[in-house]
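# Per-entry structural report
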Amino acid sequence: MAETSPTRHTLDLTDRVVIVTGGATGIGKIYSTRLAEAGARVVIADIVDEANQALAKELTGRGLQALAKTTDVADQKMTEDLAKATADKWGRIDGLVNNASLMSVLGRKPWTEIPAAEWDRVMQVNTKGPFLCALAVYPYMKAQGGGKIVNIASSRVWEGGKWRLHYSASKGAVLVFTRALAREVGDDNICVNSISPGFTLSETQIANSSNSHMSMQADADKCFARGQVPDDLVGALMFLLSDASNYITGQCINVDGGRSMH
Ligand SMILES: NC(=O)c1ccc[n+]([C@@H]2O[C@H](COP(=O)([O-])OP(=O)(O)OC[C@H]3O[C@@H](n4cnc5c(N)ncnc54)[C@H](O)[C@@H]3O)[C@@H](O)[C@H]2O)c1
């Protein structure tokens with residue numbers, strides 16, 4: 001009976017073509033790796049060329065499907081080249097994960113100490129970037145009859161969060177961008193959703209966080225009293241990229257061990 005069940009294959013991502021921006025380091029590296037391991041064709045679109053190439057080489061060396069396409073998501077021409085290179089390689093674009101962000105590289109400082117130029121760059125990468133990437137993949141998704149866009153927000157949109165005010169504001173924009181874009185592309189059968197991760201022990205986050213900050217963030221207010229790791233986010237991402245979520249759009253899945261509830 002199981003073989004004929006219409007729901008049996010809804011989480012299957014085999015040969016799905018998925019772009020992961022910022023996909024070469026940190027949480028994005030885990031997204032790229034797990035998606036490739038699930039059988040997807042992954043385009044790793046990070047700004048750091050060396051890391052991009054290294055991960056693509058590692059994944060293809062394991063017999064998985066991956067392409068490195070170095071991209072600054074704030075550069076419109078590069079996002080258009082990214083979409084074209086993806087379609088040239090695999091003929092379609094099924095998913096876009098807007099994960100690239102300026103976060104771990106930003107120091108934790110009071111809002112009065114944020115240089116205006118740094119504010120502008122954060123907005124360019126974290127809010128204009130997802131817009132430009134969505135714009136670039138849209139013609140392909142529309143032409144093929146649908147697609148999935150997953151934007152990575154932050155649990156800061158529920159909590160506020162002290163320091164990195166520009167980062168917090170940029171992620172609030174990502175949440176509303178998700179809702180508003182979902183309304184614009186529903187007729188094209190494109191789902192637009194977001195994930196709001198809690199404080200996650202990515203390699204980059206650890207490298208840029210003091211131990212006292214990390215322990216301050218850790219565990220006390222959660223339902224699950226342990227640190228969050230990148231793999232905790234993968235299930236929600238795969239669900240939102242798969243056919244199992246085809247009637248879900250404009251939503252945000254909060255993945256933070258139950259710290260915030262909304
Ligand atoms: N780690 C956390 O605690 C946490 C919490 C909430 C949300 N998030 C979000 O999850 C995502 C991944 O987090 P992370 O910890 O890996 O962050 P990170 O800052 O360590 O990594 C971001 C990635 O984006 C890339 N990048 C930066 N600028 C880029 C650009 N202009 N174009 C393309 N790529 C660019 C970086 O090279 C890096 O690979 C981000 O969107 C982040 O805001 C993380």
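Residues numbered from 1 in each chain as written. Predicted model: local features only at pLDDT ≥ 70, side-chain atom pairs only at ≥ 80, totals over all residues. Heavy atoms only, no water.

Now for the sheet that holds strand β7 (residues 252-255). Taken together, the seven strands give an open sheet; going across it, the order is β3-β2-β1-β4-β5-β6-β7, and neighbouring strands pair in parallel fashion. Of all the strands in the sheet, the pair left with one neighbour each is β3 (65-68) and β7. Strand after strand, the sheet turns through a mean of 20° between neighbouring axes, direction not considered. In this sheet, β7 lies alongside strand β6 (residues 190-197) in parallel orientation, the contact comprising four bridges. Within the sheet, the bridge partner assigned to S194 lies in β7 and is C252. This element, helix α6 (residues 165-185), spans β5 (147-152), β6 and β7 of the sheet and lies at about 165° to β6. (Pairing = 2+ DSSP bridges. Helix = DSSP H or I, 4+ residues; strand = E, 2+ residues; numbered from the N terminus. Axes fitted to C-alpha atoms, helices over the stretch in contact; angles between N-to-C directions. Contact = heavy atoms within 4.5 Å.)

Among the 30 residues in the neighbourhood of the ligand, the closest are listed as T25, D46, Y167, T204 and Q205. Contact distances for the ligand include 2.7 Å between an oxygen atom and a backbone N or O atom of N99. When the free accessible area of the ligand is taken as 830 Å², the share hidden by the protein chains comes to 95%. Applying the majority rule of atoms within 2 Å of the grid points places the ligand in the largest pocket. Of all elements in the fold, only α1 (26-37), α4 (116-144), α6 and α7 (203-207) reach the threshold of two or more residues within the shell around the ligand. (Near = heavy atom within 4 Å. Polar contact = N/O pair within 3.5 Å; in protein donor to acceptor, adjacent residues only side chain to side chain. Areas by Shrake-Rupley, 256 points an atom, 1.4 Å probe, with all protein chains shown as cover. 1 Å grid on protein atoms, 1.4 Å probe; cavity = no way out; pocket = protein on both sides within 12 Å on 5 of 7 lines; lining within 4 Å. Sits in = over half its atoms within 2 Å of the grid points.)

In short, the description is geometric, and any link to function would need to be established separately.
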